[in-house]
Amino acid sequence: MIRLEDVTLFVRSAALGSFSSAAREAGLLPGQVSAAVHRLERDLDKRLFARSTRSLRLTTEGEKYLPFAQEMLAVVHAGAESLHSSDNDIQGELRVAVPSDIGRNVLLPLITRFCQQYPKVSLRLSLSDEVSDVFRDPVDIAIRYGVLDNSSYVALPLAEDNRRVLAASPAYLQQHGRPQVLDDIVNHHCLLFTMNSHVYDKWSFPEDGMRRQLIVKSRMLCDDADVARRWALEGMGIVYKSWIDISADVQAGRLEVLLPQHPGEAAPLNLICPHRKQFSPAIRQLHSVLREPLRAITALLHTHPAFHPQS
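Residues numbered from 1 in each chain as written. Predicted model: local features only at pLDDT ≥ 70, side-chain atom pairs only at ≥ 80, totals over all residues. Heavy atoms only, no water.

Please set out the overall build of the chain residue by residue, giving values where relevant.
When its secondary structure is counted, the chain shows nine helices and 15 strands. The long-range share in the chain, meaning contacts at least 24 apart out of those at least 6 apart in sequence, stands at 74%. Total accessible area on the chain is roughly 16,700 Å²; 51% of this is exposed by carbon and sulfur atoms. (Helix = DSSP H or I, 4+ residues; strand = E, 2+ residues; numbered from the N terminus. Contact = heavy atoms within 4.5 Å. Areas by Shrake-Rupley, 256 points an atom, 1.4 Å probe, with all protein chains shown as cover.)

Pulling in residues and values, what's your account of the environment of Asp101?
Mapped onto the elements of the fold, Asp101 is located in helix H5 (residues 100-117). Among the residues examined, Asp101 registers a relative accessible area of 2% and is labelled buried. Excluding anything up to four places from it in sequence, Asp101 contacts Val106, Ala225, Asp226, Arg229, Lys241 and Asp245. (Buried < 20%, exposed > 50% of the residue type's maximum accessible area, 1.4 Å probe, protein only.)

How would you summarise the side chain of Asp249 if you had to cite specific residues and measurements?
Structurally, Asp249 is set in helix H8 (residues 243-251). Judged by relative accessible area, which is 4%, Asp249 ranks as buried. Those residues within four positions of Asp249 in sequence are excluded, and the remaining contacts are Arg229, Leu233, Arg254 and Leu255.

If you had to explain empty space enclosed by the protein to someone new, which residues and values would you point to?
By the definition in use, this model includes one cavity of 30 Å³ or more. As a volume, the largest cavity reaches approximately 50 Å³. Forming the walls of the largest cavity are 14 residues, and the residues nearest its centre are Arg163, Val165, Leu166, His262 and Gly264. When residues in the lining of the largest cavity are grouped by element, the largest group, three residues, is from strand S7 (residues 164-168). (1 Å grid on protein atoms, 1.4 Å probe; cavity = no way out; pocket = protein on both sides within 12 Å on 5 of 7 lines; lining within 4 Å. Points joined across faces, edges and corners; volume = space filled by probe spheres on them.)

Break down the sheet that holds strand S9 (residues 198-199) for me, with residues and values.
Reading across the sheet, the three strands line up as S9-S8-S12 and stay open at both edges, with mixed pairing between neighbours. Both outer strands of the open sheet, S9 and strand S12 (221-222), are each paired with one neighbouring strand and no more. The pairing of strand S8 (residues 192-195) with S9 spans two bridges and is classified as antiparallel. Following the sheet pairing, Met195 is matched in S9 by His198. (Pairing = 2+ DSSP bridges.)

Which residues make up the packing of helix H1 (residues 4-16) against helix H3 (residues 30-44), and what values do they have?
Running from N to C, H1 and H3 cross one another at 110 degrees; their axes reach a closest spacing of 9 Å. Comparing the axis directions of H1 and H3 gives the class roughly perpendicular. Handedness of the H1/H3 crossing: left-handed. Here Asp6, Val7, Leu9, Phe10 and Ser13 of H1 come into contact with H3, specifically with Val33, Ala36, Val37, Arg39 and Leu40. Of the residues in the contact of H1 with H3, the class split is seven nonpolar, one polar and two charged. (Axes fitted to C-alpha atoms, helices over the stretch in contact; angles between N-to-C directions. Parallel < 35°, antiparallel > 145°, perpendicular 65-115°, else oblique. Left-handed = near helix turned anticlockwise from the far one by under 90°. Nonpolar A, V, L, I, M, F, W, Y, C, P; charged D, E, K, R; others polar.)

Spatial relationships are all this shows, so hold off on functional conclusions.
Okay, structure coming up:
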């Protein structure tokens, strides 16, 4: 069984770059820290650090595990704090940046109910497909798609299993036919949008442990991903969007999943914040309110008939 103190010493060793520094901070001997990390590596059956006489650095597995270890400690700390808190602590101003489509159509009702439940919270909501800089922009938290590439901020996962999906309306498929293989996509009308001022026209798909990329073109382009979804509903072409964004449309029959045998690229959803200390009780509670409904949506990726066609 993994020991919490081992995880704590692993996280501090990674942050300080030294077993000795982590030991001094914790009031332990360096050998005790080294033994704790070795015990954790044994429990995980993975090497977390590459050691030498002069340096200590994370392995690829260690880099992958570190954010989960940090979150584990944060959850334990938040749980302890919750025993001494009440709804009266859920207060203050929250400045939240969210992507346009999921913000309007999925998160807005959940965030509204959160504000109704906690009247002492003041909300400033920004909906945009421009990626907010949580260090520079006037936001407290951002909800963001994609694999995290910056370990300098802190993230709470909302929907780890989410991915992109190809979809089109029944009317479009009736008029233009259904693509049978990935290469057919480039010959169809594709609906594009910009993300952070860049046109998202390179659609990637994992294939045999590598990445297959299609470069698509469209006569229709917008700077709002919600518009691309609405164009798809009107039969204007094919979209490649987050499953969370189009799940309700697929379930209602307004859109159909294409080529389910080719899973789309991962699009995990995270709540991010510049610093751990900024995870206030209000932010923790908002994360809790959003996480379960979003996980229920992504669970459909494993159960929805669209991804399990009858043979």
